[in-house]
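Summary of the model geometry
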Amino acid sequence: MAGKIVTNRSTGSFDFELVEGDPDQLRTVVASPNQISPWIDPATIKLSHRIGRGPFGDVWLATQHQATEDYEEYHEVVVKMMPPIKEDNIKVVLDKFNDLFSKCQGLKGVCWLHGISIISGKVSIVMKFYEGSVGDKMGRLKGGKLSLHNILRYGIELAQGIMELHSKDILVLNLKPSNFLLTENDGAVLGDLGIPYVLLGIPLPNSDMARRLGTPNYMAPEQWKPEVRGPISFESDSWGFGCSIVEMFTGIQPWCGKSVDDIYNLVVKKQEKPQIPSGLPPAVENVILGCFEFDFRSRPVMADILHAFKSSQDAVLRDGVWTGVTSRTLVDKSSGSGYTEWFLSKDHLQVGDTVRSRKPPNLCKLENMGIPEGIVVGLDCDPDPTGFVLVRVHGIHDPIRVHVSTLERVTFGLAPGDWVRLKEEDKKHSPVGILHSIRRDGNVAVGFIGGETLWKGNSSELQMAESYCVGQFLRLKPNVFSPRFEWPRKHGGEWATGRIHQILPNGCLVVKFPGILTFGNENDNFLADPAEVEAVSFNSCAGVIKKYQHLEDFHWAVRPLLIALGLFTAMKVGLFVGKKMGRSKVKKRNDAMIPCDVQHADGQNGGNAAWLPSKMPNVFRATTSR
């Protein structure tokens, strides 16, 4: 068997003619991508001029020189120069890019990666040069808006490319129109690929860069501080995709004109969402709205987005009504379950699954469960959130027909949303977190404070932990002297008691302190590690003093109100006692005066003290008589 190279190297792959048996019969195969080294000699790269600058470095147009004994060629490339990286971390970055490079070979929906090099002391990614981007095309149009046809077409191509990367466990994290590159046939591919993915977990010298991961206008809430408010996930890309589509429809960048700090306050603290235009095809509008859910577990995945866009390709608006639209019907929040349709559609039940009733969100314990535990024995129709399944429950003869949206799958005693604790603690992150998924083979994904991405492991490494829900009161455990996050104290120096305002996907608790009065721009939101706190309630407070202190923690006005009530009561008691004492003195004085007056009274008035004359008139009468 023999082989020889017959195609050029610019495509990044090699074609071989292999002779098997008969030399007249040849077959052509493509060499495996992992046989190609991603390393590029920096001497072969000649920078031309800078064509862009982003949060993750400068973009240069360059020329790559390739030469062997048989040929010599030059071709244009784009070089993305990363920010300075500490020497200790360069090998980690190169290893991560090597993994990225091997995974991306052969993918159709992403730009072509030539390799990686170190130019001027900076790690640089070398990519194929494309003539323009969707953002450039928008800039040439009046108003910057694209047609519905082009938006749907580009959206489908990009969603397919993102799905390819997600299937390789690669996150994009920097989706925006300027990174959607256009091919010679006006097709869209993902550009600027892999920069956030490669830098994920790498310490960066710039503190402003370290606090975010992407371009601020398109970043999901969890991207700002993924180790605290995360973790980041595939649904983080759904947020960026939604922002990009909104910009294509409106021609206006989300949060246009806002500073980085302003965007952070709007998206993370105030939880505001980009405004989507009206009049979109129903399926597209629905899925874009879902992309902006604050909790990423409630957002659609790329498969949902792709389905919505494909179902709307033939949509036509006539007399205010969309026609030519095909879309499945999903359960939404109006169903009363409290979960979005996208949350409910992420797990499909199968015959043999153990299930139980799904508890409403933010509820710690479900006291009255319709189905405490049962086995799925039949599918009434396709097992999506619009269907029903047959569940056999112990003690009930006939299977029960139950709506899928009311059930959750239980595997090895765990279900998504459960609070779990690592049996062996890892100092890198909190030991207590929230289970995001559990496969039927026992593999799990858990969100922990301190982890930028989901922790992957096996259910055997976990145990159930205490659950928390919105509205609960918390205090630091007695053995916690230096909490992970800032925690306020009372005036006496004792740790304050707070109330859970929100629970983030990694179990991080957003706590407010109603017992502390804040003024102006004072921070009224604090974070808490669930492993460092314990729940407290009025009933659990032993003694009158503790119960009173819990009432003070309930609202800052309790103490002033009680003080005012005490003062008011004291005044009322004082007035009452004063009146009683005054009446008593008057009565005693009258009682003492009556016998003396009776001696001077005549017989007619002797029986009525009210008509008795006083001494003074008698004196005047005596004086007058003289």
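Residues numbered from 1 in each chain as written. Predicted model: local features only at pLDDT ≥ 70, side-chain atom pairs only at ≥ 80, totals over all residues. Heavy atoms only, no water.

The chain carries the name Protein kinase domain-containing protein in an unreviewed UniProt entry, which gives Rhododendron simsii as its organism.

1. Structural notes on the packing of helix α8 (residues 234-250) against helix α11 (residues 302-311)
Our working definition: To obtain an axis, a line is fitted to C-alpha atoms, over the contacting stretch when the element is a helix, and the angle between two such axes runs from 0 to 180 degrees between their N-to-C directions. In DSSP terms, a helix is any run of H or I states spanning at least four residues, a strand is any run of E spanning at least two, and both are numbered starting from the N terminus. Note on terminology: angles under 35 degrees are roughly parallel, angles over 145 are roughly antiparallel, angles of 65 to 115 are roughly perpendicular, and the others are oblique. For this analysis, residues touch if any pair of their heavy atoms sits within 4.5 Å.
α11 packs onto α8 with a crossing angle of 30° between their chain directions and a minimal axis gap of 10 Å. Taken together, the axes of α8 and α11 lie roughly parallel to each other. Where α8 approaches α11, its residues D237, S238, F241 and I245 are matched on the opposing element by M302, I305 and F309.

2. Concerning the sheet that holds strand β26 (residues 525-528)
To keep things clear, this is the line we draw: Pairing between strands is defined by DSSP: at least two bridges between them are needed.
An order of β26-β25-β24-β23-β27 is seen for the five strands of this open sheet, with the pairing classed as antiparallel. Every interior strand has two partners, whereas the edge strands, β26 and β27 (533-536), have only one. Neighbouring strand axes in the sheet, compared pairwise and without regard to direction, differ in orientation by 50° on average.

3. Let's talk about the state of the cysteines
The condition is simple: Disulfide assignment relies on a single distance test, namely cysteine sulfur atoms paired within 2.5 Å.
Overall, the coordinates contain zero disulfides when judged by the stated rule. The thiol sulfur of C104 is not disulfide-bonded, and the nearest other cysteine sulfur, from C111, lies at 8.1 Å.

4. Brief notes about unusual backbone geometry
Defined as follows: Residue exposure (1.4 Å probe, protein chains only): buried if accessible area is under 20% of the type maximum, exposed if over 50%, otherwise partly exposed.
Of note, the bond from G230 into P231 is cis; its omega dihedral lies within 30 degrees of zero at 5°. Its place among the elements puts P231 in the loop between α7 (226-229) and α8. Look at S120: it is not a glycine, yet its phi comes out positive at around 55°. One can find S120 in the loop between β6 (113-119) and β7 (122-128). A relative accessible area of 67% means that S120 is categorised as exposed. If you check the backbone angles, L173 has positive phi at about 65° while not being a glycine. Positionally, L173 belongs in the loop between α3 (148-167) and β9 (180-182).

5. Regarding the nonpolar core
Rule in force here: Buried residues of nine kinds, namely Ala, Val, Leu, Ile, Met, Phe, Trp, Tyr and Cys, make up a nonpolar core once their side-chain atoms join them within 4.5 Å. Delimitation of the domains relies on an automatic or database domain assignment.
Residues L113, F241 and F309 are the most contacted members of the largest nonpolar core, which totals 79 residues. At eight residues, α3 tops the list of elements feeding residues into this core. Residues from two domains meet in this core; each of domain 1 (42-128) and domain 2 (134-320) gives at least three. Not counting residues within four places of it along the chain, the set of residues in contact with L113 comprises F97, L100, F101, C104, Q105, I125, V126, M127 and L193.

6. A word on the environment of L148
In this fold, L148 is placed in helix α3. By relative accessible area, L148 is classed as partly exposed at 23%. Sequence separation between L148 and L280 is 132 residues, and the spatial gap between their C-alpha atoms is 8.7 Å. Setting aside residues no more than four positions away along its own chain, L148 makes contact with F249, P281 and W322.

7. Some words on the environment of V325
Turning to its location among the elements, V325 is positioned in the loop between β12 (321-323) and α12 (341-344). When its relative accessible area of 29% is taken as the criterion, V325 is described as partly exposed. Put simply, V325 and S311 are 14 residues apart on the chain and 6.0 Å apart in space, counted from C-alpha to C-alpha. Beyond its immediate sequence surroundings of up to four residues, V325 is in contact with S311 and A315.

8. A word on the pattern of salt bridges
What counts here: Throughout this description, the term salt bridge denotes a Lys or Arg side-chain nitrogen within 4 Å of a carboxyl oxygen of Asp or Glu.
Counting across every chain of the model gives 16 salt bridges. Among the salt bridges present, the one from D95 reaches K91, with a minimum N-O distance of 2.9 Å. Residue D95 and its partner K91 are located together in helix α1 (residues 87-104), separated by four residues, close to a single helical turn. Take K91: its relative accessible area is 57%, and that puts it in the exposed class. Between E425 and R421 there is a salt bridge; the shortest N-O distance is 3.6 Å. Given a relative accessible area of 57%, E425 falls into the exposed group. For R421, a relative accessible area of 22% translates into the label partly exposed. Connected through shared salt-bridge partners, K137, R153 and D186 make up one network.

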